[in-house]
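So the chains spell out like this:
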Amino acid sequence: MATTSGSAAFNLDLSELVEEAFERAGGELRTGYDLRTARRSLNIMFADWANRGINMWTIEQGEIVLTQGQNTYALPDDTVDLIEHVIRTGGNVSSTQADLTITRISVSTYATIPNKIQQARPIQIWIQRFDGQNSPTGLTLNGAITATSTEITLSSVIGLPATGFIKIDNEIINYGYISGNVLNNCFRGQQSTTAASHTTTTAVYWAQVPAVSVWPTPDSAQQYTLVYWRLRRTQDAGGGVNVMDVPFRFIPCMAAGLAYYLALKVAGGAERLPVLKQQYDEAWQLAADEDREKAAIRFVPRQQFIGGT
């Protein structure tokens with residue numbers, strides 16, 4: 001009697017995936033440029049997937065220990081968005097641990113808060129979805145700083161936002177406000193970087209890191225930890241031997257999608273476009289319908305009473 005393989009580890013590395021896609025598109029993988037253009041198309045497709053909805057395999061839990069007086073905190077650069085978040089008190093191993101709701105608000109709501117530095121337990125969060133780029137500013141340090149400096153004097157502040165993050169050498173720094181050419185209320189070593197000394201005239205970059213701002217600003221009454229579940233970017237396609245950062249459930253969708261993208265570029269691929277597009281859409285829908293939470297949903301009505309005369 002025949003036996004099964006005993007293995008359930010089938011996957012495709014990049015070169016195998018590209019070969020499959022080229023064959024579907026009516027072409028053939030022959031040159032290094034063919035692999036290069038396929039890798040570029042694959043990365044564009046991954047970006048499109050992030051816009052189509054939540055990719056369950058890219059959800060990761062993270063934590064940020066909040067600091068008294070600091071209301072803005074950096075997230076990892078590959079963060080797309082946060083899907084859940086709570087404020088934890090009592091620590092991770094304490095019997096008194098409590099996860100408390102923190103409500104997401106828009107930039108419009110955050111802007112209307114009269115006193116953004118009021119201190120208490122945070123109850124609201126505004127998420128800033130920057131892309132993690134470090135932009136040259138032409139600015140430099142006007143005087144050396146130590147690893148503990150909380151005020152940083154620059155040659156100018158033109159081009160910097162009123163509050164945010166800068167990068168000096170390998171350190172990310174959060175600043176609270178600007179007075180003259182001085183960045184004030186600086187919190188050092190953000191985004192898992194290390195606070196360090198920096199010499200005068202060192203270049204200063206505007207760090208457009210994804211971030212969250214909480215309100216009220218944390219006080220010292222107890223230790224607060226922001227616990228969040230984030231949606232991260234799918235990892236890049238990489239070299240020819242890399243396996244994609246995609247679960248096996250999406251292999252048919254990935255192959256169909258890449259074939260469609262390649263047919264847009266290869267000679268003779270245009271005549272196959274309608275069929276390839278239909279196959280891609282069907283494969284995506286099947287994968288997306290499976291890639292979802294399978295827990296029960298509970299709706300709780302909110303009662304509201306409006307008084308009258």
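Residues numbered from 1 in each chain as written. Predicted model: local features only at pLDDT ≥ 70, side-chain atom pairs only at ≥ 80, totals over all residues. Heavy atoms only, no water.

1. Structural notes on the packing of aromatic side chains
Enumeration over the complete set of coordinates arrives at nine aromatic pairs. Seen from their ring centres, Trp49 and Trp284 are 5.6 Å apart, and the 40° between their planes marks the pair as tilted. With Trp49 in helix α2 (residues 32-52) and Trp284 in helix α5 (residues 273-290), this residue pair connects regions lying 235 residues apart in the sequence. Pair check on accessibility: Trp49 and Trp284 agree, each one buried. (Phe/Tyr/Trp six-rings, centres within 6.5 Å; stacked < 30°, edge-to-face > 60°. Helix = DSSP H or I, 4+ residues; strand = E, 2+ residues; numbered from the N terminus. Buried < 20%, exposed > 50% of the residue type's maximum accessible area, 1.4 Å probe, protein only.)

2. Points about the sheet that holds strand β9 (residues 164-168)
Remark on secondary structure: sheet strands pair via backbone hydrogen bonds, oriented parallel or antiparallel. Across the sheet, which stays open at both edges, the five strands sit in the order β7-β14-β9-β10-β13 with antiparallel pairing between neighbours. Of all the strands in the sheet, just β7 (133-140) and β13 (187-190) have a single pairing partner and so form its edges. Going across the sheet, the axis of each strand differs from the next one's by a mean of 35°, ignoring polarity. As paired strands, strand β10 (residues 171-175) and β13 are joined by two bridges and run antiparallel to one another. Within the sheet, the bridge partner assigned to Asn174 lies in β13 and is Phe187. (Pairing = 2+ DSSP bridges. Axes fitted to C-alpha atoms, helices over the stretch in contact; angles between N-to-C directions.)

Keep in mind these numbers describe shape, not what the thing actually does.
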